[in-house]
Structure formats: C-alpha cells, structure tokens
Amino acid sequence: QVQLVESGGGLVQAGGSLRLSCAASGRSFSSCALGWFRQAPGKEREFVAAISWSGGRTGYADSVKGRFAISRDNAMNTVYLQMNSLKPEDTAVYYCAARLGGLVKTSEADYDYWGQGTQVTVSL
C-alpha cells in the first residue's frame, strides 16, 4: 500500500503561482512512477503531468506545457507540481497518484494509488 497526501492548494489570482506537494509513504514508493491529475466540476478527471521512478522522464498535458513542472525527491518521498502563470481554467481538484511501475503513463487507469486531492482555485 502507498499512501499519498497532497498539500499546497488554495486560492490564487490569474497569473500567480502555486506549488503542490504530495507526501508518500510505503515500501514501493521509490520504484513508482508518479502523476498529477485534476478534475474540474462537471468534467472528467484529466492527466496533468507525470514523472518516472528515477525522475529521468516527464510528461505533460498540452494545456500545461511551459507553465507547470513536475519533480520528485525520492529521499523525501515527495513529488511536487510547480504551477506558474495560472489561469481560471486551471481551477480543479488536483490529485497525485502512484503506479506499480516506473514508466510514465497518462491514463488514470494505469495508476494504483490516489491521494484525497487538494483544491486549486484561480480567480480573475
């Protein structure tokens, strides 16, 4: 079992920045690829970013390329999502996820463990 707890969400004005953190525990963390997903009201959960077990590969949704950056610190069992130039359409509940595999995947069905989510609201 891998436990994931997100933090860092909140209310921010358009153009601002937030850094989300996801603290993980469990014996398999270091071998897991990690991802961030988000879900806006009335919409399906969508892929945002992912990082391989070693941190050597990353992937991003087109909607966040150039604005968001994912990173991980295996020594601290933590994955981060730096979000810059935020837009109102970024408003959503953000979830971190882990999969029992080391490669980057973009579908939520490929992930095995999920956090509770943290709300990000971007105002005009």
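Now for a look at the structure at hand. Given the structure is predicted, the values throughout are model-derived calculations rather than measurements.

**A short note on the pattern of salt bridges**
Move 1: If you walk through the whole model with that rule in mind, you get five salt bridges.
Move 2: Two residues, Asp-62 and Lys-65, come together in a salt bridge whose shortest N-O distance is 3.0 Å.
Move 3: What emerges from the salt-bridge pattern is a single network uniting Arg-38, Glu-46, Arg-67 and Asp-90.

**Comments concerning the sheet that holds strand 3 (residues 18-25)**
Move 1: Pairing is antiparallel in the open sheet, where four strands are placed in the order 1-3-8-7. Looking along the sheet, the strands with just one partner apiece sit at the ends: strand 1 (3-7) and strand 7 (68-73). Ignoring which end each strand starts from, the neighbouring axes of this sheet average 15 degrees apart.
Move 2: With six bridges joining them, strand 7 and strand 8 (residues 78-83) adopt antiparallel strand pairing.

**What to know about the side chain of Ser-21**
Move 1: Mapped onto the fold, Ser-21 is located in strand 3.
Move 2: Note on Ser-21: relative accessible area 19%, which makes it buried.
Move 3: Contacts of Ser-21, omitting those with residues within four sequence positions, involve Val-5, Glu-6, Ser-7, Trp-36, Thr-78, Val-79 and Tyr-80.

**Focus on the environment of Arg-19**
Move 1: Structurally, Arg-19 is set in strand 3.
Move 2: Setting aside residues no more than four positions away along its own chain, Arg-19 makes contact with Ser-7, Gly-8, Tyr-80, Leu-81 and Gln-82.

**Section: the side chain of Arg-67**
Move 1: Following the sequence through the fold, Arg-67 ends up in the loop between strand 6 (58-60) and strand 7.
Move 2: What Arg-67 contacts, discounting residues up to four positions off in sequence, is Gln-82, Met-83, Asn-84, Ser-85, Leu-86, Lys-87 and Asp-90.

**Quick look at the state of the cysteines**
Move 1: Enumeration over the complete set of coordinates arrives at one disulfide.
Move 2: Note that Cys-22 is cross-linked by a disulfide to Cys-96, the S-S spacing being 2.0 Å. With the S-S bond torsion at 50 degrees, the cross-link from Cys-22 to Cys-96 turns out right-handed. Separated by 74 residues along the polypeptide, Cys-22 in strand 3 and Cys-96 in strand 9 (residues 92-99) bring together distant segments of the chain. Each of the two residues, Cys-22 as well as Cys-96, counts as buried.

What counts and what doesn't
Residues numbered from 1 in each chain as written. Predicted model: local features only at pLDDT ≥ 70, side-chain atom pairs only at ≥ 80, totals over all residues. Heavy atoms only, no water. Salt bridge = Lys/Arg side-chain N within 4 Å of Asp/Glu carboxyl O. Pairing = 2+ DSSP bridges. Helix = DSSP H or I, 4+ residues; strand = E, 2+ residues; numbered from the N terminus. Axes fitted to C-alpha atoms, helices over the stretch in contact; angles between N-to-C directions. Buried < 20%, exposed > 50% of the residue type's maximum accessible area, 1.4 Å probe, protein only. Contact = heavy atoms within 4.5 Å. Disulfide = S-S within 2.5 Å.

These figures capture arrangement, not role.
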